[in-house]
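The chain contents come next:
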Amino acid sequence: GTIHVGVTGSTFRGGALQDASPIYRLTGGAGVRYIYPSGLELESGLDYAVKGASLKGTFEDIPITGTSEITYLSVPFLIGYRWDAIGRMRPRLVAGPSLGYKTDARISYRAVGSDLEQSTTDDGIGQRDLGWIVGVDVDIPLGGEVLFSGIRLTLGQSNARTVKPDVLNTTVAWVAGIVF
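Conventions and cut-offs
Residues numbered from 1 in each chain as written. Predicted model: local features only at pLDDT ≥ 70, side-chain atom pairs only at ≥ 80, totals over all residues. Heavy atoms only, no water. Helix = DSSP H or I, 4+ residues; strand = E, 2+ residues; numbered from the N terminus. Buried < 20%, exposed > 50% of the residue type's maximum accessible area, 1.4 Å probe, protein only. Contact = heavy atoms within 4.5 Å. Areas by Shrake-Rupley, 256 points an atom, 1.4 Å probe, with all protein chains shown as cover. Pairing = 2+ DSSP bridges. Patch = residues over 30% accessible without salt bridge, like charges linked within 9 Å, V, L, I, M, F, W, Y side chains within 5 Å. Salt bridge = Lys/Arg side-chain N within 4 Å of Asp/Glu carboxyl O. Core = buried A, V, L, I, M, F, W, Y, C linked by side-chain atoms within 4.5 Å. Phe/Tyr/Trp six-rings, centres within 6.5 Å; stacked < 30°, edge-to-face > 60°. Lys NZ or Arg CZ within 6 Å of the ring centre and 35° of its normal.

Draft legend 1. Layout of the overall build of the protein chain. Scanning the protein chain for helices and strands turns up zero helices and nine strands. Counted from the first residue to the last, the protein chain has its helices and strands arranged as β-β-β-β-β-β-β-β-β. Expressed as lengths along the three principal axes of its C-alpha atoms, the size of the protein chain is roughly 60 × 30 × 25 Å. Evaluated residue by residue, the protein chain yields a buried proportion of 41% over its 180 residues. Taking all contacts inside the protein chain whose residues are at least 6 apart in sequence as the whole, residues at least 24 apart take part in 62%. Summed over its atoms, the accessible surface of the protein chain is roughly 9900 Å², and 63% of this surface lies on carbon and sulfur atoms.

Draft legend 2. Expanded view of unusual backbone geometry. Of the consecutive residues K164 and P165, the connecting peptide bond is found in the cis state with omega at 0 degrees. Inspection of the secondary structure puts P165 in the loop between β8 (145-156) and β9 (168-179). Backbone geometry at E60 places phi at a positive 50 degrees, although glycine is not the residue there. On the secondary structure map, E60 appears in the loop between β3 (40-59) and β4 (62-82). With relative accessibility at 65%, the residue E60 sits in the exposed group. Here the phi dihedral of D61 falls at roughly 65 degrees; this positive angle occurs in a residue that is not glycine. Inspection of the secondary structure puts D61 in the loop between β3 and β4.

Draft legend 3. Representation of the pairing of strand β5 (residues 90-111) in the model. In terms of strand pairing, β4 meets β5 through 17 bridges, oriented antiparallel. Among the inter-strand pairings, S68 is bridged to a residue of β5, identified as I107. The pairing of β5 with strand β7 (residues 128-142) spans 12 bridges and is classified as antiparallel. Each residue of the ladder has a partner; that of R90, found in β7, is D139. The antiparallel pairing of β5 with strand β6 (residues 117-121) creates a hairpin that spans five residues between the two strands, and G113 there sits at a positive phi of about 85 degrees.

Draft legend 4. Broad picture of a nonpolar patch on the surface. A cluster of nonpolar side chains, contributed by Y34, Y36, L40, L42, I79, Y81, W83, L93, V134 and V136, occupies part of the molecular surface with about 920 Å² of accessible area. Listing elements by their share of the nonpolar patch, those giving two or more residues are β3, β4 and β7.

Draft legend 5. Structural context of the nonpolar core. Of all hydrophobic cores here, the largest spans eight residues; its members are F12, A53, I70, Y72, A105, I125, A160 and V167. When residues no more than four places from it in sequence are discounted, the contact partners of A105 are E69, I70, T120, T121, D122 and I125.

Draft legend 6. The pairing of β9, seen in detail. Sheet topology note: the strand β1 (residues 2-13)/β9 ladder contains 12 bridges and is antiparallel. Paired with G6 across the two strands is V175, which belongs to β9. Pairing of β8 with β9, which is carried by 10 bridges, proceeds in the antiparallel orientation. Each residue of the ladder has a partner; that of G150, found in β9, is V175.

Draft legend 7. Representation of the packing of aromatic side chains within the structure. Using the criterion set out here, one finds two aromatic pairs in the structure. Both rings, one in Y34 and one in Y36, keep their centres 4.7 Å apart while their planes meet at 80 degrees; by these two values the pair is edge-to-face. With a relative accessible area of 32%, Y36 lands in the partly exposed category. Summarising the aromatic geometry, the rings of Y81 and W83 are spaced 5.1 Å apart at their centres and angled 80 degrees between planes, so their arrangement reads as edge-to-face. With relative accessibility at 36%, the residue Y81 sits in the partly exposed group. Across the ring face of F148, the terminal group of R33 is positioned such that the distance to the ring centre comes to 5.2 Å.

So this is what it looks like as structure tokens:
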């Protein structure tokens, strides 16, 4: 099995977005990894992540910032390849699809220069998030376990919203964990 934690930087792409900035949140998950002697690996599990973006705009000529936070439980299906060790480290490349299920969606608004913030449920968010993951990890054997750390890019392929134009999630995650 595997357990990992990390930090994500997430934003939106597509649509008519011009001022989307990333938000940074914690991520984590657990799963299984099957390692073939050839170096090929299969990995799946359950991941928790908050995706979204910080957006700038105006409301009745008042500049505002808004933060969209969408919480997902995702199931990745990854194929990996592990190269021969470089010293104690074994680099690996992973790629594959991920299907996320929305558990919560909130949007917060704040007038620029004000401490007053309003937050509400965002009902315009779709229920699922389909994306492609590409990542690079480094495995380090330690006793009978393996520690790992890596960077993973998830490019959303489905509209995060329920209306057009399409707005797609884009997330970069740094994760660290243990294989036991």
